[in-house]
Each structure stands twice: as C-alpha cells, then as structure tokens.
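Structure at a glance
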Amino acid sequence: MKKILFSVIATFQFVGVSSAYLYTPGGTWSSESSWVRSTSDTSPVVVPDSNDIIANLYWSFTDINVDGDYTLSALSMNRDIGAAWSSKGPGDIARPTVNLSGTKPDGSDGSINFDIANNSGGYVIYGSNNGESVTTLNAYKNSNSTGVFHTYDWRMTFNGGQINITDSANTGTRTAYISISGDTAADWTGYTYVYDFSSAINSTENLTLKGWGGSDTSTGVFKMEFNNSVNLKNGDTYQKLALSDTKTKTGLMVSMAAGTTSNIGALEMGVNTSLVLDGTLNVNAKSSIASGAKFTINGVYKYSGSLAINGELEVNGILNAVSSDPYITVNSTGKLTVNSANKGAFYTYTGVRVSGGTLVINSDSFNASQKLWMLTPSNGATNVIELNSDASLYSFCWITDSKTQIIFDGESVLHLKNLSSNNGDYWSRALDETIGLELVNYKNGLIQVDRLTDNSWTDPDRTKNATDNLEYIVADGFEAGSMEWVWHDETSTYWLEGAAIPEPSVFAFLFGGFASGYISWRMPPVACRTTFFQSTMRGVV
C-alpha cells in the first residue's frame, strides 16, 4: 500500500512548482504507480514530466528506468536515501541508480531534461533535508536493532542517456547547480558519497558543482565523477563550469574519465576543490584555480583562454594552447608541476608567467619555443623554479625588479636558446642591476645556451640584442661577479661557469703550506741552529 508523506521540498528555492515522490523500487518512470503526491497536494498523481514539477527520490528508492524523455524543474533526494540497503548491515554500500541506458521501448536511451524556468534557485540535482537546505544529504540506513546510522559508502549513479539543462524562459545566461553535501552538523570522516554521471550532460547555462557542508576538520569524501561528456554551450557561446568553495577538509572532488571529451567556457575552481582530468577537456575562456584547489591533468587539456594558478596545477599529460592569446600565470600562492613524459606535451604559446609562485620542472616536456616570464608580484615575492630534470626552452624574459631563484638538483641541465629575450623596456629585458637572479645548488655547466644574445628581434630603435650582465648573478659557493660564458666543443654550447669559493679545508691546507714554507725560509741552516731547549740546558750545566 502506498504511503502519503509530507513534502520535504525547500519551496523558497522554486516558483510555482509541485512535487512527486518515487516509492516503488525497481519501477519505470512512466508508471503512475511509482509516484505519489505529498499530503498537502490533493491533485491527481501524474508522472513527473513538466518544468513545474520536482521529482523526489524518497528513502525507499533503489533504482528506476527512465523509459522516455522527461522534463523536470529539479530532482531531489530525501536525506535518508540509501536506507533501502539497511539489511546489508553497518558499513555496507548503497547504490541508488537512475538508469537511462537503453530504457525506451525501442531500446534507445532515455533522457532527463531540466528546465529551470520556474526554478529560481537553479538547483537541478540535490539532497533535501526537511526544507532546511537544498544542499544536505545524510543517506541514513536503518541498523534494524540500534537505530539509524549513516551509509559509509554511498554512490548515486546516473547510467547512460542524457541529462540536459536549460532555461526556456530566459534568453540570458543563468547558473544551474548540482549539489552533494553532508549534514552540516555531522563529522563525515571515513564516509564516501559520490555522484556517478555515466550520462552525458549538456547545458545551455553555466553549471556549478557544489560540495560544501560538514565541519572544517571533517575528512569525508564528497565526489562527482563524470564518466561521460560534459558540454556547456548556448548557440556559439560556451558556458562556465565552476567548482564551488567547500568547507570539509578534503573538499569537493571531481573527476573526468579517460575516453571522454568535454567542452566548456571558463573553468573556475574554488577553495578546497580538486579536479582530476583523465579525458579531454576543451576550455574556451579565461580560467582560474583558487588557493587551496588542485587540478591534475593526466589526459588532454586544450585551452584558448588564459589560466591563473593560485592553487596547484600538476601536468602529467598534455597541456596545449589552441590560440595565440592564452598564457599561464603562477601567482604567489600557486604551484605548477610539469611531469609530462613527451617533448612538446606542454605548450602555452606565449609562455609561462611566474609571478611569485613556484614552477617545478620534473621532465623535458616543454615545447622548445617556450619562454619563462619572471614577473614582479605586488607583494614582492620571489619567483621559484625547481629544476629536477634536464629541460630545453627558448629563454627567460626578465621583468624589472623581479626576483628569481632557480634551485638545481645538482645534475640536471637547463638548456636555452639564449639566457634572455630582451626588448629594452619594462617588459622583457636583458639581465641587469634591476633583476635579481639566485642560483641554488649550482654547478658549472648546469645552464647552457646556444648563443649569447637574442638575435631574433632586430628593431634598431631598441637594444634588443643587449648582452646579459652576468655579474649580478648570485650563486652559493661561487665568488661574487665571477660568472661568465665558456664555449664547450663537446656540447656546442656556452656553459655558465664561475669561480668556486674554496672550501675551508682548502684554505687550511694552503695556509698550512704557506706557514711551513715561511718558517723554513726564516730558520738558519741546521749547523747554526740553536734551539730554546739547548740554550736553557747550557745555563743549567
């Protein structure tokens, strides 16, 4: 017998919408027996298929087959969803599933189409908690004997087909939200909650992924896995994908699977979020990684808008600029680590700009035309380069008053076309007294160049081919002002070499030798020597 239960929809987020509830495990979307109204709604039960209806998956939900193309305002989940797995006992899994793969009568895929025309908040997939929040998901399970407890391993799967998002009433751009979060009063350490999107997602609106909730010290995992394509585009305009700031210690984790190709406008990663890209992501607008966020590229990242790194970017795969405009800037709190295996896998077109951040080079994957721009951040921070692999690039571009520290691993060689590219003004000048360059753990020959000046620019009105003034290079273990270029036939390159400061033991050895020689020179011949001991003894006898 069906139960009629109180609505748990946060109605302040929506305009003119009603709700329907799914109760029958293993049902089909088109069956009226799968749905029921709330007690406050006396209208006849209908299959959810309108932009003024919210479909709510209740605690008893296990799975459903979407056997057609259905329109919704939103899809919400009861806070106790997963309780149907209670018979499996504490610590077991919950796997609620919305199946859209091959579910139509003709064997083709189904679809869910979110139209947020009547949805003022824009939340399309979320967990609800008695109207308190549209971002809360507890996923309780009954333990049968000791009350209730949270599901430790919860995964909501959207399998196959398509999930489409639009706003039929608005010609401008709105933002749709997909939210996964735990009750803010709970500590989610040891728990894992996942949305598995094996369905393709298409949106004409901006899309924000939200994972906040829990305490700042909680280490529970809240994750969204995109195992199919994500395409955000309205006509010719690509839309933004944002990962929202999160409160939990581990933050919101997002992944894009190998074999998938996604297309978006900007990528904006908020504080305490992470993105692992194993597939291909085409980004078509200016993007950013916030402090505390981490983006890991194992697949292919193609971009035509600049990228500001305030958090961490780790490149193990391919990063490729597809236009002449974009650049990457590593700001003061940022870190860029390049691990890609193949030469040319890392290509930024206009080069990498380091503005007080850290660039870690663990492989020789830079395109040979790449330049490293050393900027001057407003906080005066030093640009840091850690060289842990042989690497070949075009040159440095020094900016007035910039400070750069290159930390060598003691054996890797930095090979450049020339040390500096210089256009004689504030932007990109030769090494001079306005530039700070410090070499740490340096050995002669670890910087090599093919030529001493950049002759690729020939403007006669500027000193573009000015020679670097090497006396301003500071290197631990080397005498100040001693750096010079020395040609080596064996490599057909100039090596940066300096005069090493002798070790203390060398000074002691040299001083000892000098002292011995001086004493020998001052002493009379052996036959004429009279020691203090001999003189004393004569007086005693």
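Residues numbered from 1 in each chain as written. Predicted model: local features only at pLDDT ≥ 70, side-chain atom pairs only at ≥ 80, totals over all residues. Heavy atoms only, no water.

Right, let's get into the confidence of the model for the protein. Looking at the protein as a whole, its pLDDT mean stands at 83, while 78% of the residues score no less than 70. Of the regions scoring below 50 in pLDDT, residues 526–541 engages in 5 contacts with residues more than four places distant in sequence or in other chains. (pLDDT = per-residue confidence, 0-100. Contact = heavy atoms within 4.5 Å.)

The next subject is the sheet that holds strand β45 (residues 414–416). Ordered in space as β42-β45-β47-β50-β49, the 5 strands form an open sheet in which the pairing is mixed. With partners counted over all chains shown, the strands left at the sheet margins are β42 (391–393) and β49 (484–488), one partner each. Going across the sheet, the axis of each strand differs from the next one's by a mean of 30 degrees, ignoring polarity. (Pairing = 2+ DSSP bridges. Helix = DSSP H or I, 4+ residues; strand = E, 2+ residues; numbered from the N terminus. Axes fitted to C-alpha atoms, helices over the stretch in contact; angles between N-to-C directions.)

Before going further, it helps to spend a moment on the pattern of salt bridges. Tallied over the entire structure, the rule returns 11 salt bridges. Taking the shortest distance from any N to any O, the salt bridge between R155 and E225 comes out at 2.7 Å. With a gap of 70 residues between them, R155 in strand β14 (residues 153–159) and E225 in strand β20 (residues 221–226) connect regions that are remote in the sequence. Linking K240 and E268 is a salt bridge whose minimum nitrogen-to-oxygen distance equals 3.6 Å. On the criterion of sequence distance, the pair formed by K240 in the loop between β22 (237–238) and β23 (241–243) and E268 in strand β26 (residues 267–269) is long-range, its members being 28 residues apart. For K240, a relative accessible area of 27% puts it in the partly exposed group. Given the relative accessible area of 33%, E268 is considered partly exposed. A single salt-bridge network, built from bridges that share partners, covers R155, D196, K223 and E225. (Salt bridge = Lys/Arg side-chain N within 4 Å of Asp/Glu carboxyl O. Buried < 20%, exposed > 50% of the residue type's maximum accessible area, 1.4 Å probe, protein only.)

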